[in-house]
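So the chains spell out like this:
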Protein chains: 2
Amino acid sequence: MSAPEVPVRRQTRQRTAVLALLEELDGFRTAQDLHALLRERGDAVGLATVYRALQALVDDGLVDVLRSEDGEAAYRRCSPVHHHHLVCRSCGTTVEVADPPVERWAARVAAEHGFADVQHQLEVFGTCRACAQR
Amino acid sequence: MSAPEVPVRRQTRQRTAVLALLEELDGFRTAQDLHALLRERGDAVGLATVYRALQALVDDGLVDVLRSEDGEAAYRRCSPVHHHHLVCRSCGTTVEVADPPVERWAARVAAEHGFADVQHQLEVFGTCRACAQR
DNA sequence: CGCCTGTGTGAGAATGGTTCTCATGACCAC
DNA sequence: GTGGTCATGAGAACCATTCTCACACAGGCG
């Protein structure tokens, strides 16, 4: 029996800064980006700390992770309910979309093949209106 | 105007070996795995060559790529028509599933938000019957 | 209010998957 | 066969991420 494991998250300047930056930005950003941004505005935070803060936020369900095509991780502040993303391939703007029949479909297909404990991962990529007009 | 760019793919022992191995295996394998397997059975192929062969196969649409949670790429021989995957989280067994209303749904949602040139990426993860029984 | 303890931090090193370099080898059109 | 490319392979380079470890600070307690 594993205990609930509440890791007693301390509130520090660095963690606050990372979350605040994510709140302020739109779309997915890599850890490297966030680190560079914080540094630019004089709010110096170590790279390792940015990674740790992001992991903690992901664990708490406050932030989404996405793997870009080249394997780099991108993070985004999100609402804590299940949803998917519509991401602009060019500028990174993101729209959260509530989920459709996909839920039911995934569950049904999985059951048909004898799979249990099902999760799914769906991202839609496209070019947003602004970028298409350039 | 860019020419069609047909890179004149040569047939070599190494590329044949990589594709043959993928044909033979089931489920997604990392480049490192494939390299180790080839080496074990005495069919020595350089690691860089495995990566190059896999990229060529992906470009030709003969192989699918998937990014595992830690960013490692996994490859799998696949049918050249659009489809999604049902992957066992535990043993890696994969089932190709033809896709459902998701196609239409993705297109519609994208259009509603002014996105063009839409692609999507959907993977379903679960525990297959065999693994669940252990 | 100040101490204490354990958690958080940061710089740099380590890790590990992937890509690059470049000299050498092999495919294949002629 | 021959030649000109393209492919190969060993190792180095690259780069995102994680680890290490000494030091700093949050925050509960006296």
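Residues numbered from 1 in each chain as written. Chains lettered and ligands numbered in written order. Predicted model: local features only at pLDDT ≥ 70, side-chain atom pairs only at ≥ 80, totals over all residues. Heavy atoms only, no water.

### Remarks on the sheet that holds strand β6 (residues 116–127) of chain A
Point 1. Sheet architecture is open: six strands sit in the order β5(A)-β4(A)-β6(A)-β6(B)-β4(B)-β5(B), paired in mixed fashion. Two strands lie at the open edges of the sheet, namely β5 (94–97) of chain A together with β5 (94–97) of chain B, each paired on one side alone. Here the strands of the sheet are splayed against their neighbours by 20° on average, with no regard to which way each runs.
Point 2. Pairing of strand β4 (residues 84–88) of chain B with β5 of chain B involves four bridges; the strand directions are antiparallel. Pairing of H85 of chain B across the sheet is with E96 of chain B, part of β5 of chain B.
Point 3. Lying over the sheet, helix α4 (residues 102–112) of chain A contacts β4 (84–88) and β6 of chain A together with β4, β5 and β6 (116–127) of chain B, oriented at roughly 135° with respect to β6 of chain A.
Point 4. On the sheet, helix α4 (residues 102–112) of chain B packs against β4, β5 and β6 of chain A together with β4 and β6 of chain B and is oriented at approximately 135° with respect to β6 of chain B. (Pairing = 2+ DSSP bridges. Helix = DSSP H or I, 4+ residues; strand = E, 2+ residues; numbered from the N terminus. Axes fitted to C-alpha atoms, helices over the stretch in contact; angles between N-to-C directions. Contact = heavy atoms within 4.5 Å.)

### Here we look at the sheet that holds strand β3 (residues 73–77) of chain B
Residue and element names in this part refer to chain B.
Point 1. Ordered in space as β1-β3-β2, the three strands form an open sheet in which the pairing is antiparallel. A single partner strand is all that each edge strand has here, and the edge strands are β1 (29–30) and β2 (63–67).
Point 2. Judged from the two bridges that link them, β1 and β3 form a sheet pairing that is antiparallel. Bridge pairing in β3 links R29 to Y75.

### Observations regarding the interface of chain B and chain A
Point 1. Residue-level contacts link 35 residues of chain B with 36 residues of chain A.
Point 2. With both sides pooled, the region where chain B packs onto chain A buries about 3,000 Å², and carbon together with sulfur makes up 65% of that total.
Point 3. Our count for the chain B to chain A interface comes out at zero salt bridges.
Point 4. The tally of links from chain B across to chain A stands at 10 residue pairs in polar contact (both at pLDDT 80 or more).
Point 5. Taken together, the elements giving at least two residues each to the side of chain B that touches chain A come down to β4, β5, α4 and β6 of chain B.
Point 6. Here the element with the most residues in the side of chain B that touches chain A is β6 of chain B; it accounts for 12 residues.
Point 7. Across the side of chain B that touches chain A, the residue classes break down as 19 nonpolar, nine polar and seven charged.
Point 8. Alignment of β6 of chain A against β6 of chain B, held across nine bridges, turns out to be antiparallel. Bridge assignment links E123 of chain A to a residue of β6 of chain B, and that residue is Q121 of chain B. (Buried area = accessible area lost by both parts, 1.4 Å probe. Salt bridge = Lys/Arg side-chain N within 4 Å of Asp/Glu carboxyl O. Polar contact = N/O pair within 3.5 Å; in protein donor to acceptor, adjacent residues only side chain to side chain. Nonpolar A, V, L, I, M, F, W, Y, C, P; charged D, E, K, R; others polar.)

### Topic: the domain arrangement of chain A
Residues and elements named next belong to chain A.
Point 1. On domain assignment, one finds that chain A holds domain 1 (1–78) and domain 2 (80–133).
Point 2. Centre-to-centre, using C-alpha coordinates, domain 1 lies 22 Å away from domain 2.
Point 3. With eight residues of domain 1 at the contact, the number on the domain 2 side is eight residues.
Point 4. Taken over both partners, the interface formed by domain 1 and domain 2 buries close to 670 Å², and the fraction arising from carbon and sulfur atoms is 56%.
Point 5. When the area that domain 1 buries against domain 2 is broken down by residue, the three leading residues are F28, L66 and R76, summing to 52%.
Point 6. Among the ionic pairs, R76 bridges to E96, the shortest N-O distance being 3.2 Å.
Point 7. Applying the counting criterion to the domain 1 and domain 2 interface returns three residue pairs in polar contact (both at pLDDT 80 or more).
Point 8. When residues of the side of domain 1 that touches domain 2 are traced back to their parent elements, those giving at least two are β2 (63–67) and β3 (73–77).
Point 9. A per-class count over the side of domain 1 that touches domain 2 returns three nonpolar, two polar and three charged. (Domains from an automatic or database assignment.)

### A look at the UniProt feature "binding site: Fe cation" (unreviewed entry) in chain A
Point 1. Within this structure's numbering, the places UniProt gives as "binding site: Fe cation" (unreviewed entry) are H82, E103 and H120 of chain A. A compact arrangement is adopted by the annotated residues: their sequence extent is 39 residues, whereas the largest C-alpha distance between any two is 10.5 Å.
Point 2. Tracing the backbone shows E103 of chain A in helix α4.
Point 3. Judged by relative accessible area, E103 of chain A falls into the partly exposed class, the value being 27%.
Point 4. With near-sequence residues (within four places) excluded, E103 of chain A lies in contact with H82, H84 and H120 of chain A.
Point 5. Inspection of the secondary structure assignment puts H120 of chain A in strand β6.
Point 6. A relative accessible area of 15% places H120 of chain A in the buried class.
Point 7. Aside from chain neighbours lying at most four places away, what touches H120 of chain A is H82, H84, V102, E103 and A106 of chain A together with L122, E123 and V124 of chain B. (UniProt positions renumbered as here; feature names shortened; annotations may be inferred. Buried < 20%, exposed > 50% of the residue type's maximum accessible area, 1.4 Å probe, protein only.)

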